[in-house]
Amino acid sequence: MIEVNGELMSKDKAIAEISNGLIIGYDPELLPLFLLRTKDFEGWLQGRAIDMHRTNSRILKRALRLTTDDDAELVLKVHAATITDTYWFRENGSSLSYDDVRFKANYFDKLALNGDPDSFNLEYSPTPELTNIGSFEKCWRLEDGKWWMVKQGNNLERFSELFIARLGQALGFSMAEYYAENGTVKSPDFTDGASVNYESAHGIVGDDEDYKLNFDAFMELSPILAKQYLEIIYLDTICFNMDRHTRNYGILRDVETGDILGMAPNFDNNIALFARGVPKEIARNNDRLILLYSDLLRTDKQAFEQTRTLPVPTVDMIKLCTQDITLPVDIETLTAFLMNGSNHIQAML
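Numbering of residues begins from 1 in every chain and follows the order in which that chain's sequence is written. Reporting in this predicted model follows two pLDDT cut-offs: at least 70 for local features of residues, and 80 or more for side-chain atom pairs to be given and counted; totals over whole chains, interfaces and linings ignore these cut-offs and use all residues. Only heavy atoms go into the side-chain values, all of them from the structure, while hydrogens and water stay out.

### Digging into the side chain of Thr-84
- Its place among the elements puts Thr-84 in the loop between helix H4 (71–76) and strand S4 (87–91).
- Any two residues whose heavy atoms approach within 4.5 Å are treated as being in contact. In contact with Thr-84, other than residues within four places in its own chain, are Trp-140, Asp-189, Thr-191, Ala-194, Val-196, Asn-197 and Tyr-198. The helix count covers DSSP runs of H or I at least four residues long, the strand count covers runs of E at least two residues long, and both are numbered beginning at the N terminus.

### Quick word on helix H7 (residues 155–170)
- Between the first and last C-alpha of H7 there are 22 Å, a value that for 16 residues agrees with the 22 Å anticipated at 1.5 Å per step.
- Across the 16 residues of H7, 12 count as buried, placing the element largely inside the fold.
- Partly exposed residues are those whose accessible area sits between 20% and 50% of the maximum for their type, while under 20% is buried and over 50% is exposed, using a 1.4 Å probe and protein chains only. Taken residue by residue, H7 has Glu-157, Arg-158, Phe-159, Ser-160, Glu-161, Leu-162, Phe-163, Ile-164, Ala-165, Arg-166, Leu-167 and Gly-168 as its buried positions.
- Looking at the buried residues of H7, the elements they touch are strand S6 (146–151), strand S7 (179–181), strand S8 (184–188), helix H10 (223–239), helix H13 (315–322) and helix H14 (331–348).
- Its side-chain oxygen at 3.0 Å from the backbone nitrogen of Leu-156, Asn-154 defines the N-terminal cap of H7.
- Downstream of H7 by one or two residues, Gly-172 has phi in the positive range, about 90 degrees. Here, expected helix span is obtained from the residue count minus one, scaled by 1.5 Å. Contacts described as polar in this section are N or O atom pairs within 3.5 Å, which, within protein, must combine one atom able to donate a hydrogen with one able to accept it, while residues neighboring in sequence count only if both atoms come from side chains.

### Some thoughts on the sheet that holds S4
- The pairing criterion for strands is at least two bridges between them, as found by DSSP. Across the sheet, which stays open at both edges, the four strands sit in the order S3-S2-S1-S4 with antiparallel pairing between neighbours. The strands lining the two open edges of the sheet, one partner per strand, are strand S3 (22–26) and S4. Sheet twist, expressed as the mean angle between neighbouring strand axes with direction ignored, is 30 degrees.
- The pairing of strand S1 (residues 6–10) with S4 spans five bridges and is classified as antiparallel. Pairing of Ser-10 across the sheet is with Tyr-87, part of S4. Here an angle of 0 to 180 degrees is reported between the N-to-C directions of two axes, which are lines fitted to C-alpha atoms, with helices fitted over the stretch in contact.

Set out below in structure tokens:
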């Protein structure tokens, strides 16, 4: 167990006392939901750490002259601060404020994204890359005072991210915005500089991706949240998103009160559609995601009734959403694949 002593902060408000790595007192209204559920402070720190399996992450670590292999210690190098929430850790005896630890620049964005050799020799400075989770090469980039997530990917991965964002918007769902730029996709920080706190579903349900367990957990918090969760997995099913996990969907909370404001916009759809190749079975008769969604509808009456109210994609809508995406994809095959998925869901209803 990591032996740290101090306070977990939200901006400049202490929300928990940490003694030898243990939470010994906390504000239940403001505490991150993962900590409210588990009281595992070290696990919370580790969950904020950059994925060291990424090649550029390892290069970044060398450039920053960091020698620790412990994720929690790595995160504490930047006081556990991130771009998308106001939580951070202040050690006993420290006079740091939130303004001191929140990120105002990132000189290692090119190194984190591309392994840029010129960035390798820069002097150390705190970087949000140490708390930028996920398995793809990516970076936080500050443009005109606003943070953007920039992510690498092949043509089909980038098409998937761009197209699904547009299709979700066309269906009226809350979606993160994505734009193509110089062989990457970029998305503006949907917390708008941590004006709200983002917390992943992992804080609520752990690693369990079961649809019914998640739907019930969100229903217990709010029927509105459950409906918004349903919209995410409904779109996942139609678009064959194989990579939905409890760290790439979640909720937004009020910074001052801790109130849950709603689900975060749908994001991280790059491993969907044809990103891993065109499936042999375009008809989707044995599609695992359709079977999982079918199980939810069969076992949960509320999910069934809410699905009946969800909008249905059309051929014209799909083709319109592809018009400004220049990446090479067989649109006719894509349209058939999506409509077949949608038709299977409608047949269940």
